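Structural characterization, general
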Amino acid sequence: MTALPITPDFDVWPVDHQVQSLDVSAEALTITWSDGRKSAHHALLLRENSPDPVTTHPKAREMAIGPEELAEDLCITGADLQASGAISVTFSDGLTSEYHPGWLRGTAWFGDDTPEPLVLWTAAEQPEPPTFNGPGALDDPAVLLDWLEALHVYGVARLRGLPQRDGLLEQIVTRIGPVRESNFGRQYVPEIKDDPDSQAYTSGALLQHIDLPTRELPFGLQFLYTRENTTTGGEGLYVDAYRVAEDMRTAEPENFHSLITDVWEYNNRAKTSDYRGRGPVVETDATGAITGVRYNTFLRAPMKAPLEVQARAYKAYRAFSERAQSPEYQMKFRYEAGDLLAFDNRRALHGRAGYDAKGGARFIEGIYADRDDLHSRIRTLKRQFRANSAS
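How each quantity is defined
Residues numbered from 1 in each chain as written. Predicted model: local features only at pLDDT ≥ 70, side-chain atom pairs only at ≥ 80, totals over all residues. Heavy atoms only, no water. Helix = DSSP H or I, 4+ residues; strand = E, 2+ residues; numbered from the N terminus. Contact = heavy atoms within 4.5 Å. Areas by Shrake-Rupley, 256 points an atom, 1.4 Å probe, with all protein chains shown as cover. Lys, Arg positive; Asp, Glu negative; His and termini not counted. Charge placed at Lys NZ, Arg CZ, Asp CG, Glu CD. Buried < 20%, exposed > 50% of the residue type's maximum accessible area, 1.4 Å probe, protein only. Pairing = 2+ DSSP bridges. Axes fitted to C-alpha atoms, helices over the stretch in contact; angles between N-to-C directions. Parallel < 35°, antiparallel > 145°, perpendicular 65-115°, else oblique. Left-handed = near helix turned anticlockwise from the far one by under 90°. Nonpolar A, V, L, I, M, F, W, Y, C, P; charged D, E, K, R; others polar. pLDDT = per-residue confidence, 0-100. Arc of directions from axis to C-beta. Salt bridge = Lys/Arg side-chain N within 4 Å of Asp/Glu carboxyl O. Expected span 1.5 Å × (residues − 1). Polar contact = N/O pair within 3.5 Å; in protein donor to acceptor, adjacent residues only side chain to side chain.

**As for the overall build of the protein**
- Within the protein, the regular secondary structure consists of nine helices and 19 strands.
- In the protein, the proportion of contacts linking residues at least 24 apart, taken out of those at least 6 apart, comes to 73%.
- Summed over its atoms, the accessible surface of the protein is roughly 19,000 Å², and 51% of this surface lies on carbon and sulfur atoms.
- Charge centroids of the protein, computed over 41 positive and 57 negative side chains, lie 7 Å from each other.

Have a look at this one:
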């Protein structure tokens with residue numbers, strides 16, 4: 001059988017549905033598939049994604065032309081189904097290209113292009129993080145994928161039973177993507193300091209917060225690897241800020257509106273650095289979906305705004321804080337040696353109960369990374385599994 005054409009990417013596109021018929025107009029190619037569904041493909045979309053070596057770089061698989069290089073009135077003049085299953089399309093500029101049916105199906109719009117829903121939770125619904133076998137995640141890509149998908153969906157996920165080994169935390173994180181360094185270093189240990197540059201470096205309680213709200217874009221992921229913990233207290237306190245915000249959207253719409261519109265500034269209180277970041281408490285996209293939070297009570301700067309704005313902003317911030325500090329929303333658990341907790345720093349608020357520093361040893365290592373790398377790693381792992389299934 002003739003090989004199918006390359007696609008303008010390095011993904012693996014299974015052919016799960018056959019092409020039944022083609023309908024050609026100047027503007028679009030409409031395909032009827034074997035399951036009865038129909039997809040329409042715009043002429044310009046097809047032309048600029050042509051797999052020919054002038055349009056798509058044969059090695060980088062990136063688009064090698066700009067939209068201005070195509071005629072404004074470019075249209076489709078013909079299309080045929082090839083014996084291989086590929087679809088041949090001819091354009092008014094004289095180019096004829098063949099397209100992979102799996103790619104056409106996989107990139108088509110069927111009216112249901114909504115992202116996979118996240119699981120929002122309260123303490124009763126999620127008393128512990130989703131937990132996976134640590135050694136299994138080191139050896140089995142399927143377990144690694146399960147852990148990473150849980151991290152994406154729940155905003156927090158744990159590996160348990162990892163060995164005690166120097167460098168293991170960075171080894172695991174770099175399997176996902178690059179480490180993000182901060183003013184706390186490439187890797188940090190929240191240990192007690194005589195001259196702390198954050199409350200994290202004390203044994204006191206920490207209110208729920210995100211880290212680094214002082215940055216233009218706070219880092220998206222945080223990883224905490226417990227090497228030893230024999231102290232009393234110090235439990236982790238985690239809150240799904242998306243759930244808090246969605247509950248406020250329904251129950252307190254005026255406060256929710258303030259949370260997504262009124263801008264706060266955050267600055268770190270350190271002797272050797274001065275980071276400042278601005279934004280609303282709750283970030284949303286063009287559809288209104290929540291995409292992140294910027295909430296940290298102890299790094300929040302005085303608001304510079306008219307009094308009426310300050311009044312409503314403080315009211316909304318207080319209402320959000322009351323929920324964030326409520327046991328109704330708080331997942332509470334102990335850090336055990338061999339645990340690696342990963343969480344979405346722009347979704348899962350984290351805090352800590354105070355602990356007795358004189359009553360045992362506490363050694364936890366931390367590293368930051370980004371959401372983009374998590375999403376990329378999930379997709380590439382799934383790609384590898386599709387490739388293995390196809391071979």
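**With respect to the pairing of strand S17 (residues 340-344)**
- Among the five residues in S17, five count as buried, and that is most of the element.
- What you see with S17 is no split at all: Leu-340, Ala-342 and Asp-344 on one side and Leu-341 and Phe-343 on the other are buried throughout.
- Sheet topology note: the strand S8 (residues 156-160)/S17 ladder contains four bridges and is antiparallel. Bridging from a neighbouring strand, Arg-158 pairs with Leu-341 of S17.
- Bridge count between strand S10 (residues 221-229) and S17: five bridges; the pairing is antiparallel. Bridge assignment links Gln-222 to a residue of S17, and that residue is Phe-343.

**Digging into the sheet that holds strand S3 (residues 38-42)**
- The three strands are arranged S1-S2-S3 in an open sheet whose pairing can be described as antiparallel. What marks the edges here is a single partner per strand, and that holds for strand S1 (19-24) and S3. Shown here is a sheet whose adjacent strand axes are inclined to one another by a mean of 20°, direction ignored.
- Pairing analysis gives five bridges linking S1 to strand S2 (residues 28-33), with the strands arranged antiparallel. Bridge assignment links Leu-22 to a residue of S2, and that residue is Ile-31.

**As for the packing of helix H6 (residues 241-251) against helix H8 (residues 307-324)**
- Remark: H6 packs on H8, axes separated minimally by 10 Å, with the N-to-C direction vectors making an angle of 125°. Comparing their axes, H8 and H6 come out oblique. Remark: the crossing between H6 and H8 carries right-handed chirality. Across the interface between the two elements, Ala-241, Val-244, Ala-245, Asp-247, Met-248 and Ala-251 of H6 pack against Ala-316, Ala-319, Phe-320 and Arg-323 of H8.
- Among the residues forming the contact of H6 with H8, the class breakdown is eight nonpolar, no polar and two charged.

**Concerning the confidence of the model for the protein**
- Model confidence for the protein is summarised by a mean pLDDT of 93, while 96% of its residues fall at 70 or above.
- Within the model, the stretch residues 193-198 combines pLDDT values under 50 with eight contacts to residues more than four positions away or in other chains.

**Things to note about the sheet that holds strand S4 (residues 76-81)**
- Pairing in this open sheet of three strands is antiparallel, and the strands run S4-S5-S6 from one edge to the other. Edge strands, defined here as strands with exactly one partner in the open sheet, are S4 and strand S6 (96-99). Strand-to-strand twist in this sheet, taken as the mean axis angle between neighbours without regard to direction, amounts to 20°.
- The pairing of strand S5 (residues 87-91) with S6 spans four bridges and is classified as antiparallel. For Thr-90, the partnering residue across the bridge sits in S6 and is Thr-96.

**Concerning helix H7 (residues 253-261)**
- For H7, the full list of buried residues reads Asn-255, Phe-256, Ser-258 and Leu-259. Buried residues of H7, viewed axially, fall in a sector of 160°; they line one side.
- Looking at the buried residues of H7, the elements they touch are H6, strand S14 (282-284), strand S15 (290-293) and H8.

**Describing the pattern of salt bridges**
- This structure, assessed with the given rule, holds 24 salt bridges.
- Taking the shortest distance from any N to any O, the salt bridge between Arg-386 and Asp-11 comes out at 2.3 Å. With Arg-386 in helix H9 (residues 371-390) and Asp-11 in the segment before S1, this residue pair connects regions lying 375 residues apart in the sequence.
- By relative accessible area, Arg-386 is classed as partly exposed at 28%.
- Between Arg-186 and Glu-181 there is a salt bridge; the shortest N-O distance is 3.4 Å.
- Taking relative accessible area as the criterion, Arg-186 reaches 34% and is therefore assigned partly exposed.
- Overlapping salt bridges bring together Asp-11, Arg-383 and Arg-386 as one network.

**Some remarks on helix H4 (residues 141-154)**
- The terminal C-alpha atoms of H4, which comprises 14 residues, lie 20 Å apart, in line with the 20 Å expected from a rise of 1.5 Å per residue.
- For H4, the set of buried residues is Val-143, Leu-144, Leu-145, Trp-147, Leu-148, Ala-150, Leu-151 and Val-153.
- Backbone nitrogen of Ala-142 and a side-chain oxygen of the N-cap are separated by 2.9 Å at the start of H4; the cap is Asp-140.
- Two residues or fewer after H4 comes Gly-155, characterised by a positive phi angle close to 85°.

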